[in-house]
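Chains, contacts and geometry: an overview
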Amino acid sequence: LSQPEILMIGPMMQMIEDQLDAAFTVHRHWQVDDFDALVDTVAPVIRGIATSHARPVDAALIDRLPNLEVISNFGVGYDTVDAAHAGSKGILVTNTPDVLTEEVADTAFGLLLMTVRELSAAERHLRAGKWSDGAYPLTRSSLRDRTMGILGLGRIGKAIARRAEASEVGVVYCGRSQQPDVDYRYYADLVDMARDVDILMSVIPGGAATQHIINAEVIEALGPQGILINVGRGSAVDEKALISALQSGALFAAGLDVFEHEPSVPDELMALNNAVLLPHVGSASVHTRDAMGQLVVDNLTGWFASKSVLTPVAETPVS
Ligand code: NAP
């Protein structure tokens with residue numbers, strides 16, 4: 001019996017590749033020099049895609065694969081997949097929600113503490129042997145008496161809010177609409193929220209709708225005592241405006257797990273002492289990445305075994 005054939009936009013975790021190799025005939029684009037030639041050759045037989053974002057799965061690629069049925073995305077964010085276009089053609093897109101929520105919220109809160117209390121700088125002070133010369137300076141910032149404005153109070157945003165509540169940090173939020181079952185104060189306007197809070201926690205998806213939503217005006221409203229934490233997507237922040245505000249002191253500090261042009265991080269950011277920079281490690285534990293990988297596999301195998309998937313995205317609900 002011939003196995004369904006899939007295109008892997010990767011490379012992916014070994015546990016994903018092993019399981020997909022067992023269930024499918026897998027075409028790996030990075031093993032050939034010419035992506036377009038590969039797609040031309042395999043286009044008629046490709047029924048599924050597994051992607052870890054090495055290349056976009058855009059409308060043009062989707063349109064070249066006439067027998068494509070399902071796209072399984074590694075990660076909850078699927079801004080590199082044109083899900084609306086896939087949906088319009090009856091092609092399913094799946095992602096990996098929930099299994100990473102607590103891990104990313106932990107990272108976000110850790111990054112917040114690192115930024116507010118300068119923990120990475122304090123550790124550098126110790127490792128540089130400077131402790132015996134004097135204590136690390138008192139931090140000018142603290143979580144005490146602070147309010148956090150969460151941009152994108154979704155699964156991860158709510159898990160961050162719980163951590164903030166436990167630390168007695170006030171929580172408000174901004175999104176496209178007010179959530180009826182949520183008690184935190186809602187702001188329809190991001191600038192209004194930025195003006196009222198000390199910490200802006202961004203955990204919204206990437207893509208055109210959120211491109212540079214955190215712009216110079218928002219950063220200015222956050223102000224010279226303000227702290228920006230971004231664990232959503234780098235594209236949501238105007239990085240140039242952020243750098244200039246951090247340089248001038250118009251913004252107090254930033255903690256970033258995501259960047260506009262990953263894995264490239266601007267030298268200007270690297271040079272700033274008031275920026276804490278992490279290499280997109282929000283969900284990056286073995287425990288959580290294994291759970292995400294298993295979902296990538298189970299969505300694909302489920303589809304070809306029984307036409308059912310576990311976690312379709314909103315744009316492509318299973319009918
Ligand atoms: P989610 O449950 O779908 O939450 C997303 C939230 O963003 C929703 O509350 C939504 O609120 C809001 N939102 C969406 N589009 C918006 C827009 N155009 N303007 C304003 N708000 C908007 O997703 P999640 O599971 O929490 O994940 C959120 C994002 O985190 C992912 O998309 C991904 O980009 C990022 N992420 C990063 C890492 C990392 O390693 N750093 C790991 C996992 C996820 P409304 O619908 O009310 O507007």
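We now turn to the structure provided with this report. (Residues numbered from 1 in each chain as written. Predicted model: local features only at pLDDT ≥ 70, side-chain atom pairs only at ≥ 80, totals over all residues. Heavy atoms only, no water.)

Observations regarding the sheet that holds strand β2 (residues 25–28)
Just so we agree on the cut-off: When DSSP finds at least two bridges between two strands, those strands are taken to pair. Helix numbers and strand numbers start at the N terminus; a helix is a DSSP run of H or I with at least 4 residues, a strand a run of E with at least 2. For helices, the fitted axis covers only the stretch in contact; all axes are lines through C-alpha atoms, and the angles between them, taken along N-to-C directions, range from 0 to 180 degrees. Note on contacts: a residue pair is in contact if any heavy atoms of the two residues lie within 4.5 Å.
Read across the open sheet, the five strands follow the order β2-β1-β3-β4-β5; overall the sheet is parallel. Single-partner strands in this sheet number two, and they are β2 and β5 (92–94). Strand-to-strand twist of the sheet, defined as the mean angle between neighbouring strand axes without regard to direction, takes the value 20°. Here three bridges tie strand β4 (residues 70–73) to β5, and the two strands are oriented parallel to one another. Following the sheet pairing, Val70 is matched in β5 by Leu92. Across the sheet, helix α1 (residues 14–23) lies against β1 (5–9), β2 and β3 (46–51), angled at about 130° from β2, the strand it touches most. Together, β1, β3, β4 and β5 form the strand contacts of helix α12 (residues 286–306), whose direction differs from that of β4 by roughly 165°.

What to know about helix α10 (residues 239–248)
Rules: Residue exposure (1.4 Å probe, protein chains only): buried if accessible area is under 20% of the type maximum, exposed if over 50%, otherwise partly exposed. Definition of a polar contact: a pair of N or O atoms within 3.5 Å, with one able to donate and the other able to accept a hydrogen when the atoms are protein atoms, and with sequence-neighbouring residues admitted only if both atoms are side-chain atoms.
For α10, the complete set of buried residues consists of Glu239, Ala241, Leu242, Ile243, Ala245 and Leu246. Of the surrounding elements, those touching the buried residues of α10 are α9 (216–222), β10 (227–230), β11 (253–256), α11 (267–270) and β12 (275–277). The backbone nitrogen of Lys240 lies 3.2 Å from a side-chain oxygen of the residue at the head of α10, namely Asp238. Within two residues after α10, Gly249 carries a phi angle of roughly 85°, on the positive side.

A word on the site of the ligand
Spelled out, the test is: When we say a residue is near a molecule or strand, we mean one of its heavy atoms is within 4 Å of it. Here the Shrake-Rupley method, with its probe set to 1.4 Å, supplies the accessible areas, and only the displayed protein chains count as covering residues. Each residue gets one label: Ala, Val, Leu, Ile, Met, Phe, Trp, Tyr, Cys and Pro are nonpolar, Asp, Glu, Lys and Arg are charged, and the others, such as Gly, are polar.
Close contacts around the ligand come from 25 residues, with Arg155, Ile156, Arg176, Val231 and Asp257 the closest. In the environment of the ligand, a nitrogen atom lies 2.9 Å from a nitrogen or oxygen atom belonging to the backbone of Val231. The separation between an oxygen atom of the ligand and a polar side-chain atom of Arg233 is 3.3 Å. For the ligand, whose unbound accessible area comes to 930 Å², protein coverage reaches 86%. Partitioning the shell around the ligand into residue classes produces 11 nonpolar, 10 polar and four charged.

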